[in-house]
Amino acid sequence: MKKTLQFFLALALFLGALALPALAADGRLVIDDAELLTSDACARLEESAQAVSAEYRCDVAILTVQSLDGWDVESYAEQAYDQKGFGWGDAKDGVLLLVSMEARDYYILTYGYGNTAFTDYGKELLEDTFLPALSDGDYERSFAHFIENSGVYLDQARGGSPVDRPQPVPQKAPLLTKVLLVLLCSLGPALIFCWNQLSKMKSAKPARSAGNYIPADGVRVIRKEDVFLYRTVVRHKIPQASNNTPRSGGIGGGGGTTVRSSGFSGRGGKF
Amino acid sequence: MPNTATLYQCPACTGPLRFDGGSGKLACDHCGNSYETAVIEALAADKERAAAAAAQPEWATEAAGSPWSDAEKAGLRIYSCPACAAEIICDASTAATSCAYCGNPAVVPKLFSGSLRPDYVLPFRLEKPAALEALQKHYKGKRFLPREFTQQNHIEEIRGIYVPFWLFDCQAEADVCFRATRVHSSTVRDEQITVTEHFRLTRGGQVAFQKIPVDGSTKMPDAHMDAIEPYDYKELRPFSTAYLPGFQAERYDVDAATSAERANVRIRKSVEESFSATVAGYGGCTTEYANIALAQGEVKYALLPVWMLNTRWKNQTFTFAMNGQTGKLIGDLPVAWPRVAAWFAGIAAPLAAVAGLLLYLLGEGL
Ligand SMILES: [Zn+2]
Ligand SMILES: [Zn+2]
């Protein structure tokens, strides 16, 4: 499975190298291969993307293409991220918005620190900021929103709390539980003591058995048979905490980022 | 006869059992269990035996006691109490001045007549002062005893009485059937699987009982008489009127056959207990039935020594009984409920304070 994946990735890279002309590695963050923007708009967006990226040391990039060349949007985004040389520094930290016109696909891809700053839930919220304009065909406004809000997300992440699903606050034991606990700890021993003392007050008890009157070796068991009858089986589901999705950001309980083995995480759809 | 429907029920789910020709077993299609035919037949027989188990064992009560000789009759006096109808046997030299049971001072001498001569007597070993001392000891360490009870109450009467007892001897021939379970629990992936194995256990054999005492007196509270057991029968002597002077003896007013019911209950319980003690390696064990037949059931009539102490406090009578041989004293005591409340609060309040403080200190973590 992994081998096949690697093969396809290698193939993708190879084909990608052919399909995507060598536009990469010049440090550009807004690449408008689909030619949706005017050159002025493209320059303005490039400027703000560069500013945000430098500020937070994490690339905020946009790539538009006419077609995915038959690839699924996720794989295409990943190979494009590598091909175009997106990502800040050696760690390749970054977030990429890929827009493909052919089937009106969009995809938010993050890598490295981008995975920390843009959680699954964060990506969902981020969509709402640029999707309406994207659907309307107002590409410049849509991308401007994307860059601007990415800055907000990165700022939040720098503050130590990336935009994420509201965490259930670890609740203090409710008052009732505390009261019950105190009652148990205090009334329990008092009850045991009083019960024990009260039982001493009553000593005229009728005898229930006659064990005192069985002489030594008075019990002789000569017939003894143990027969297995049947078995009953009860199955009980154990509720388990779901801990099978690796997360970055170290936050549990419904939040965080689902990172693929490739190191990328992403979210996409149609606009 | 393969696949013939039978009237047998599945012991696990009460579904109908079907004879499975392939395995030669009785199978239940409902729950999937299958049984050896012999097992199902044994279980069916159990039901009949359980119904039979309610039968009371028979005792040979005729052998208890013997007739008095004329010489003995001449040396004995009998008094009857008009208040409580007790009949008291005294040595001619011991004038009964009051009723040993109710304290009524006007006891009426009667002509000595009939009734059985005891087989045994267990002589008094402890005297009156020992009984008073034992009572003081009985009060000790009782934190809920009203202080005024020990200060104000006076022992109204203290009497040494030879109480009539029936002594039941037997060899119990018993078959006891238990149902027992063994529980295995294992976890497979996200399932907790609990397997309960059910077993039928039978134990058969004999249990010997020697001289189970049951008092033959309606005047004596049964609980008191049971609670001062046991007696040391090594000192049991063949009856002689020589042991009577100085003490009163009651004549039985519950016959041996009636008293046998109390002995039977205790025998049944003890047989079940001693047989279930041989059951090892099972989780739960319940008695299905206990079939008990008596061999060599024999009843003897004996007089056993008891000190009875009566005290009145706040218009209530408190009765204490002491084993006249071993000195074991028992008797219910009044409870000072305000003292109970004080102790309860005295323990609960500081503990609540400590628990509350601990919770407060750990509070942030909880
Ligand atoms: Zn069944
Ligand atoms: Zn009386």
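It should be emphasised that the depicted structure is a prediction, and the values quoted were computed from it without experimental measurement.

Peer 1: A description of the packing of aromatic side chains should follow, citing residues and the corresponding values.
Peer 2: All names here are of chain B. Scanning all chains against the criterion turns up 29 aromatic pairs over all chains. Here the aromatic rings of Phe165 and Tyr231 are separated by 6.0 Å at their centres, their planes lie at 70 degrees, and the arrangement is edge-to-face. Of this pair, Phe165 sits in strand β9 (residues 155–188) while Tyr231 sits in the loop between α5 (222–227) and β11 (237–238), and the two are 66 residues apart along the sequence. A ring pair is formed by Trp166 and Tyr252, whose centres lie 4.9 Å apart and whose planes are at 65 degrees; its orientation type is edge-to-face. With Trp166 in strand β9 and Tyr252 in the loop between β12 (248–250) and α6 (256–276), this residue pair connects regions lying 86 residues apart in the sequence. Take Trp166: its relative accessible area is 2%, and that puts it in the buried class. Tyr252 gets classed as partly exposed once you look at its relative accessible area, which sits at 24%. An aromatic cluster is defined as three or more aromatic residues linked by ring pairs; in this entry it consists of Tyr139, Phe149, Trp313, Phe318 and Phe320.

Peer 1: Provide a residue-level description of the coordination of the zinc ion (ligand 1), including the pertinent values.
Peer 2: All names here are of chain B. Around the zinc ion (ligand 1), the protein contributes the donor atoms Cys10 (SG), Cys13 (SG), Cys28 (SG) and Cys31 (SG), which lie 2.2 to 2.3 Å from the metal centre. Of note, the donors binding the zinc ion (ligand 1) are all from one chain and are spaced C-x2-C-x14-C-x2-C. With relative accessibility at 22%, the residue Cys13 sits in the partly exposed group.

Peer 1: How would you sum up the interface of chain A and chain B? Please name residues and give values.
Peer 2: On the side of chain B, 79 residues touch chain A, which itself brings 54 residues to the contact. With both chains or domains summed, chain A and chain B bury close to 5,900 Å², and 60% of this area falls on carbon and sulfur atoms. When the buried area of chain A at its contact with chain B is split by residue, A:Met201, A:Tyr213 and A:Tyr230 rank highest and sum to 15% of it. One can count 6 salt bridges joining chain A with chain B. Ionic pairing is found between A:Arg223 and B:Asp175, a salt bridge with its closest N-O pair at 3.2 Å. When contributions to the side of chain A that touches chain B are tallied by element, the ones reaching two or more residues are α7 (175–201) and β5 (219–237) of chain A. Among the elements that take part in the side of chain A that touches chain B, β5(A) stands out by supplying 19 residues, more than any other. Pairing analysis gives 17 bridges linking β5(A) to strand β10 (residues 191–215) of chain B, with the strands arranged antiparallel. Across the sheet, residue A:Arg235 finds its bridge partner in β10(B), namely B:Ile193.

Peer 1: Residues and numbers for empty space enclosed by the protein, please.
Peer 2: Residue and element names in this part refer to chain B. With the rule as written, the count across this model stands at 1 cavity of 30 Å³ or more. Reported here for the largest cavity is a volume of approximately 40 Å³. Trp68, Ile89, Leu116, Pro118, Phe239, Leu244, Ala249, Glu250, Tyr301 and Leu303 are the residues that line the largest cavity. At the level of secondary structure, the elements contributing two or more residues to the lining of the largest cavity comprise β12 and β13 (285–313). Each residue belonging to the lining of the largest cavity can be placed in one class, and the counts come to 9 nonpolar, no polar and 1 charged.

Criteria and thresholds
Residues numbered from 1 in each chain as written. Chains lettered and ligands numbered in written order. Predicted model: local features only at pLDDT ≥ 70, side-chain atom pairs only at ≥ 80, totals over all residues. Heavy atoms only, no water. Phe/Tyr/Trp six-rings, centres within 6.5 Å; stacked < 30°, edge-to-face > 60°. Helix = DSSP H or I, 4+ residues; strand = E, 2+ residues; numbered from the N terminus. Buried < 20%, exposed > 50% of the residue type's maximum accessible area, 1.4 Å probe, protein only. Donors = N, O, S within 2.8 Å, 3.2 Å for Na, K, Ca; no water. Contact = heavy atoms within 4.5 Å. Buried area = accessible area lost by both parts, 1.4 Å probe. Salt bridge = Lys/Arg side-chain N within 4 Å of Asp/Glu carboxyl O. Pairing = 2+ DSSP bridges. 1 Å grid on protein atoms, 1.4 Å probe; cavity = no way out; pocket = protein on both sides within 12 Å on 5 of 7 lines; lining within 4 Å. Points joined across faces, edges and corners; volume = space filled by probe spheres on them. Nonpolar A, V, L, I, M, F, W, Y, C, P; charged D, E, K, R; others polar.

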